[in-house]
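# Descriptive structure summary
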Number of protein chains: 2
Amino acid sequence: MSINYEIKKANKVKQLREKSTYNKKTVYSILDAGLVAHVAFNQDDGPVVVPMIYGRKGDTIFLHGARKARIIRLLEKTNRASLNVTLLDGIVFARSTFNSSMQYRSVTVFGSPKIILDNEKKLSAMKIISDHTMPGRWTEVRDSHLNEVKMTGVIKLKIADASAKISSGPIEDEIEDYELRVWAGVLPITMQTGTLQDDNHLIDNIQPSDKIKKLENTRF
Amino acid sequence: MSINYEIKKANKVKQLREKSTYNKKTVYSILDAGLVAHVAFNQDDGPVVVPMIYGRKGDTIFLHGARKARIIRLLEKTNRASLNVTLLDGIVFARSTFNSSMQYRSVTVFGSPKIILDNEKKLSAMKIISDHTMPGRWTEVRDSHLNEVKMTGVIKLKIADASAKISSGPIEDEIEDYELRVWAGVLPITMQTGTLQDDNHLIDNIQPSDKIKKLENTRF
């Protein structure tokens, strides 16, 4: 198995080529660090983009929604979808607006979406999405009811093409601009979790598990 | 002028209708709080989604990229584009995975993209994007060179249809699940800025302006 995705027309990065990579490990690491994928598909009169949570196993991304949701029905019908996961890492204040930019990690994936209809396979995919979004939670809660599985639409998207772009480097200003009396630097940005908030209807004095507690006050 | 966007087929929210709104003020407030828009467009063999920074003035969204960038060239040619801005506010741990969800604010916009070719109008749009992304920075740095303006592709997207979805409410579990001995609650998530990092090539002992300093250690 290749460690890189093949470079084809769809995933070939043309802008800022020096920041691009087709390395599978890099693609996976960005997918695994994100929480929301923006999924594009075509409706009657043009492209639509919808935020969805997801999970990954190997080269397959799993997406879910209500079984009757428009996005599930449209993904079910199409043989080509695209999604992007972007993590913002900072704002780069260069000495001109032209050279100012963002620090980010971004992945774009293309593939053919397939709906999963078998209930056992759906459950496995739902666990992968749950493990990605709420690590450890799957085994803490009750089993899913069969009607819940049936009401959930699960799409698997095998990655056919992918590319990643990482912008993290130093500021690159025009030579003559370095003499300007203007500050330049980076404002870091992180996704940060806060303190767990108890539901109002907890019974007894029940506490979150260690696995859930570990998610408090951390950075993505 | 209506305070709401008209409900049409493209922007009509069908899932979680109770969380949806077509109110312009709400749409604007989410657009103004975000930093990255995910823009969908069609390439030869299907939909593609690309993260872009943006700015807003009234009912118009401005997007920019390199003049020769694929997305600018494709947006220039198409008469229909869609973008989504999503801000993640938390993970909702319900007593079942089925009722677990995310807290978020999300806006989807549809419109007809037009490229701006006039240099003065381009500059105005570039200022709007800069003011959105780096408040106050536009007047601190040198003026843009004409060739920089020419190398920048700027797209204006007048909002034709839009809808917002806000999920912030309490956990809604199945009645019988409230008796389960399992913790439930919310893990808040915020986009958080850190401490400004000086560029390595600052002259003298130049400091960031108060406007830039104000962006440190704050939440979006």
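Residues numbered from 1 in each chain as written. Chains lettered and ligands numbered in written order. Predicted model: local features only at pLDDT ≥ 70, side-chain atom pairs only at ≥ 80, totals over all residues.

### Considering the overall build of chain A
Where we set the bar: Secondary structure is summarised from DSSP: a helix means a run of H or I of at least four residues, a strand means a run of E of at least two, and numbering begins at the N terminus for each. Three exposure classes are used, all based on how many other C-beta atoms lie within 10 Å of a residue's own C-beta (placed from the backbone): buried at 20 or more, exposed at 12 or fewer, and partly exposed between those limits. We call two residues in contact whenever the C-beta atoms placed from their backbones are within 7 Å.
When helices and strands are tallied, chain A shows five helices and ten strands. Counting only residues that meet the buried cut, chain A has 41% of its 220 residues in that class. Long-range contacts, defined as pairs at least 24 residues apart, comprise 72% of the intrachain contacts of chain A with a sequence gap of at least 6.

### Focus: the interface of chain A and chain B
Contacts between chain A and chain B engage 81 residues on the former and 81 residues on the latter. Taken together, the elements giving at least two residues each to the side of chain A that touches chain B come down to strand 2 (37-43), strand 3 (46-52), strand 6 (81-93), strand 7 (101-116), helix 3 (119-133), strand 9 (185-193) and strand 10 (197-198) of chain A. For the side of chain A that touches chain B, the leading source of residues is strand 9 of chain A, giving nine residues.

### A few points about the nonpolar core
The condition is simple: The term nonpolar core refers to a group of buried residues, namely Ala, Val, Leu, Ile, Met, Phe, Trp, Tyr and Cys, whose C-beta atoms join them within 7 Å.
Judged by nonpolar contacts, the single largest core of 110 residues is most densely connected at Val39 and Ala40 of chain A together with Val39 and Ala40 of chain B. With near-sequence residues (within four places) excluded, Val39 of chain B lies in contact with Val49, Val50, Met52, Leu63, Ile71, Ala81 and Leu83 of chain B.

### Here we look at the environment of Ala164 of chain B
Residue and element names in this part refer to chain B. The topology assignment puts Ala164 in strand 8 (residues 152-167). Among the residues examined, Ala164 registers 26 C-beta atoms within 10 Å and is labelled buried. C-alpha separation for the pair Ala164 and Ser106, spaced 58 residues apart in sequence, amounts to 5.5 Å. Other than its neighbours up to four places away in sequence, Ala164 contacts Ser20, Thr21, Thr26, Val27, Ile30, Ser106 and Val107.

### Things to note about the relation of the copies chain A and chain B
Test applied: To superpose the copies, least squares is applied to the C-alpha atoms of every residue with a pLDDT of at least 70 in both.
Screw-axis analysis of chain A against chain B gives a translation of 0.0 Å along the axis, an RMSD of 0.0 Å, and a rotation angle of 180°. Put plainly, the chains are arranged around a two-fold axis. Across chain A, the smallest distance between a C-alpha and the rotation axis is recorded for Met191 of chain A, namely 2.3 Å. Residue by residue, 100% of the interface of chain A is reproduced at the interface of chain B, so both copies engage with the same surface.

### Digging into unusual backbone geometry
Residues and elements named next belong to chain B. Here the phi dihedral of Asp204 falls at roughly 50°; this positive angle occurs in a residue that is not glycine. For Asp204, the position within the fold is in the loop between strand 10 (197-198) and helix 5 (210-213). With a phi close to 45°, Asn217 is a non-glycine residue in the positive phi region. For Asn217, the location among the structural elements is in the segment after helix 5. Judged by local crowding, Asn217 falls into the exposed class, with 12 C-beta atoms found within 10 Å.

### A word on helix 1 (residues 24-33) of chain A
All names here are of chain A. Heads up, the condition is: Directions are taken from the helix axis to each C-beta atom, and the arc is the one they span.
For helix 1, the complete set of buried residues consists of Thr26, Val27, Ile30 and Leu31. The arc that holds every buried residue of helix 1, seen down its axis, measures 130°, which confines them to one face. Exposed side of helix 1, more than 90 degrees from the buried face: Lys25 and Asp32 are the residues found there. Along its buried surface, helix 1 packs onto strand 1 (20-21), strand 4 (54-57), strand 6, strand 7 and strand 8 (152-167).

### Topic: the environment of Tyr54 of chain A
All names here are of chain A. With respect to the helices, strands and loops of the structure, Tyr54 is situated in strand 4. Between the C-alpha atoms of Tyr54 and Glu179, which are 125 residues apart in sequence, the distance is 47 Å. Excluding anything up to four places from it in sequence, Tyr54 contacts Ala37, Ile61, Phe62, Leu63, Ile129 and His132.

### Regarding the pairing of strand 8 of chain B
Residues and elements named next belong to chain B. Rule in force here: In this scheme, strands are said to pair when DSSP sees at least two bridges between them.
Relative to strand 8, strand 1 (residues 20-21) is paired through two bridges, and the arrangement is antiparallel. Bridge assignment links Thr21 to a residue of strand 8, and that residue is Ala164. Where strand 5 (residues 60-66) meets strand 8, seven bridges bridge the pair, whose relative direction is antiparallel. For Gly65, the partnering residue across the bridge sits in strand 8 and is Gly153. Pairing between strand 7 (residues 101-116) and strand 8: 13 bridges, direction antiparallel. Its bridge partner being in strand 8, Val107 is matched across the sheet by Ala164.

### Topic: helix 2 (residues 70-77) of chain B
All names here are of chain B. Those residues of helix 2 that fall on the buried side of the exposure criterion are Ile71, Ile72 and Leu75. Buried residues of helix 2, viewed axially, fall in a sector of 100°; they line one side. Those residues of helix 2 hidden inside the fold are in contact with strand 2 (37-43), strand 3 (46-52), strand 5, strand 6 (81-93), strand 7 and strand 8.

### Looking at the confidence of the model for chain A
Convention followed: Confidence scores per residue from the predictor, reported as pLDDT, run from 0 to 100.
Per-residue confidence for chain A gives a mean pLDDT of 92; residues scoring 70 or more make up 97%. Here the predicted complex carries an ipTM of 0.92, next to a pTM of 0.93.

### What about the environment of Lys9 of chain B?
All names here are of chain B. Position of Lys9 relative to the elements: it lies in the segment before strand 1. The exposed category is assigned to Lys9, around which 9 C-beta atoms lie within 10 Å. Each C-alpha atom of the pair Lys9 and Asp161 lies 9.4 Å from the other, and the pair is 152 residues apart in sequence.

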